[in-house]
Amino acid sequence: MHSITLKLTVPRANMMPIRILLVDDHPLIIEGYRTILLQTIKTDIEIFTSYSIENAYQIIFDEIAPKRFDIILLDISMPPFREKRIDNGLALGKLIRETHPAVKLVVLTMHGEPIVLFNVYETLRPESLMVKTDIDFKGFTLAFENVINGEEYFSETARNAIRTLNLQNFCKDEINRKILLMISERFTIKDIAHALKISESTVEKRKAIIRDFLNIKDGKDTEIILVAKSLGLL
């Protein structure tokens, strides 16, 4: 299901309205976002909404009547679209980046863990990344104003995470980040290997790298999690 709202202010010569797609699996949140944008953005905008990854995929990749979007807002934690093997909003964002590189991405998340935020940043390089608990009415508006004007916007928690972890070469490796996250979620070595399509021996070697980075000698997963949290990685 999706809907469209058109807001036209003073027409801009020879320019189309800015087309925005809002993707979140909570309809009330989507309506709140739409209301804020309609009340505050002082330019021509056309707003589409989607409440699932499947529906968003159908809108974005419609082969019969493809739609052009200038900005897409995504929540990274959404139920999967299993038919297309799109596991969450992050995976959808990655697909959008690969197929529609000109689209500007605004990403919102409830996750405040530095390594999660850094993983989103490294994977998508979004024009805006915000932790929902960081932002208010003004911050949300400023984010869209910046992105519309060709600038970036990162909420405080996201900005601090990117700045801190960008200095750590360990965190720049996507597999390291994913394995550390899965360890924190109590995945087994077998589960990690299956999810990342790598061998169990590779997972073991990567875990050894993680322990070395965290200065842990033969520590169990619980110790890895505790030390990673103490360093602000989780």
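As a reminder, the structure under discussion sits directly above these lines.
What counts, and at which threshold
- Note that residues are indexed from 1 along each chain, following the sequence as it is written.
- Whole-chain, interface and lining totals are the exception, using all residues; otherwise, since this is a predicted model, local features are given only for residues with pLDDT of at least 70 and side-chain atom pairs are given and counted only at 80 or more.
- The basis for the side-chain values is all heavy atoms of the structure; hydrogens and waters are excluded.
- Secondary structure elements follow DSSP: runs of H or I of four or more residues count as helices, runs of E of two or more count as strands, with numbering from the N terminus.
- As a reference, a globule follows 2.2 Å times the number of residues to the power 0.38, and the radius of gyration itself is taken over C-alpha atoms.
- Exposed residues in this analysis have more than 50% of their type's maximum accessible area, buried residues have under 20%, and partly exposed residues fall in between, with area computed by a 1.4 Å probe over protein chains only.
- Any two residues whose heavy atoms approach within 4.5 Å at even a single point are treated as in contact.
- Per-residue and other accessible areas follow the Shrake-Rupley method at a 1.4 Å probe size, with only the shown protein chains counted as cover for residues.
- When charges are counted, Lys and Arg are positive and Asp and Glu negative, with His and the chain ends excluded.
- Working definition for charges: the position is that of NZ of Lys, CZ of Arg, CG of Asp or CD of Glu.
- Buried Ala, Val, Leu, Ile, Met, Phe, Trp, Tyr and Cys residues form a nonpolar core when they are joined through side-chain atoms within 4.5 Å.
- The salt bridge definition used is simple: a Lys or Arg side-chain nitrogen within 4 Å of an Asp or Glu carboxyl oxygen.
- Strand pairing requires that DSSP identify at least two bridges connecting the strands.
- Seen with the strands pointing away from the viewer, any crossover whose path from the first strand over the helix to the second strand runs clockwise is right-handed.

Enquirer: Give a description of the overall build of the protein chain that names residues and reports values.
Expert: Looking only at helices and strands, one finds 10 helices and 7 strands in the protein chain. On C-alpha atoms alone, the protein chain measures out to a radius of gyration of 19 Å, which is about the 17 Å that the 2.2 N^0.38 rule sets for 234 residues. Oriented by its inertia axes, the alpha-carbon framework of the protein chain measures out at about 65 × 35 × 30 Å. Expressed as a percentage of the 234 residues in the protein chain, the buried residues total 47%. Here the analysis covers contacts within the protein chain between residues at least 6 apart in sequence; of these, 67% occur between residues at least 24 apart. Approximately 12400 Å² of the protein chain is accessible, and the part contributed by carbon and sulfur atoms is 53%. Both charge centroids of the protein chain, one from 31 positive and one from 32 negative side chains, sit 2 Å from each other.

Enquirer: I'd like a description of the nonpolar core, backed by residues and values.
Expert: Ranked by internal contacts, the top residues of the largest apolar core, which has 56 residues, are L21, I72, I96, L129, L180 and I210. No other element matches the 7 residues that helix 4 (residues 114–124) contributes to this core. Once you skip the residues sitting within four places of it in the chain, L129 turns out to touch V107, L117, V120, Y121, Y153, F154, S155, A158 and I162. If you look at the next biggest cluster of nonpolar residues, it comprises 21 residues, including L22, I71, A143 and V147.

Enquirer: Can you lay out the pattern of salt bridges for me, pointing to particular residues and giving the numbers?
Expert: Under the defined criterion, the tally for this structure stands at 10 salt bridges. The salt bridge partner of D173 is R206, with a shortest N-O separation of 3.0 Å. Note that D173 is positioned in the loop between helix 6 (156–165) and helix 7 (174–184) and R206 in helix 9 (residues 200–213), a separation of 33 residues in sequence. Residues participating in the shared-partner salt-bridge network are D24, D75 and K132.

Enquirer: Hey, could you go over the pairing of strand 5 (residues 104–109) for me, with residue numbers and the actual values?
Expert: Along strand 5, 5 of the 6 residues are buried, which leaves the element largely enclosed by surrounding structure. With 4 bridges joining them, strand 5 and strand 6 (residues 128–131) adopt parallel strand pairing. Each residue of the ladder has a partner; that of T109, found in strand 6, is V131. Read from strand 5 through helix 4 to strand 6, the crossover connection turns out right-handed.

None of this, on its own, says anything about what the molecule does.
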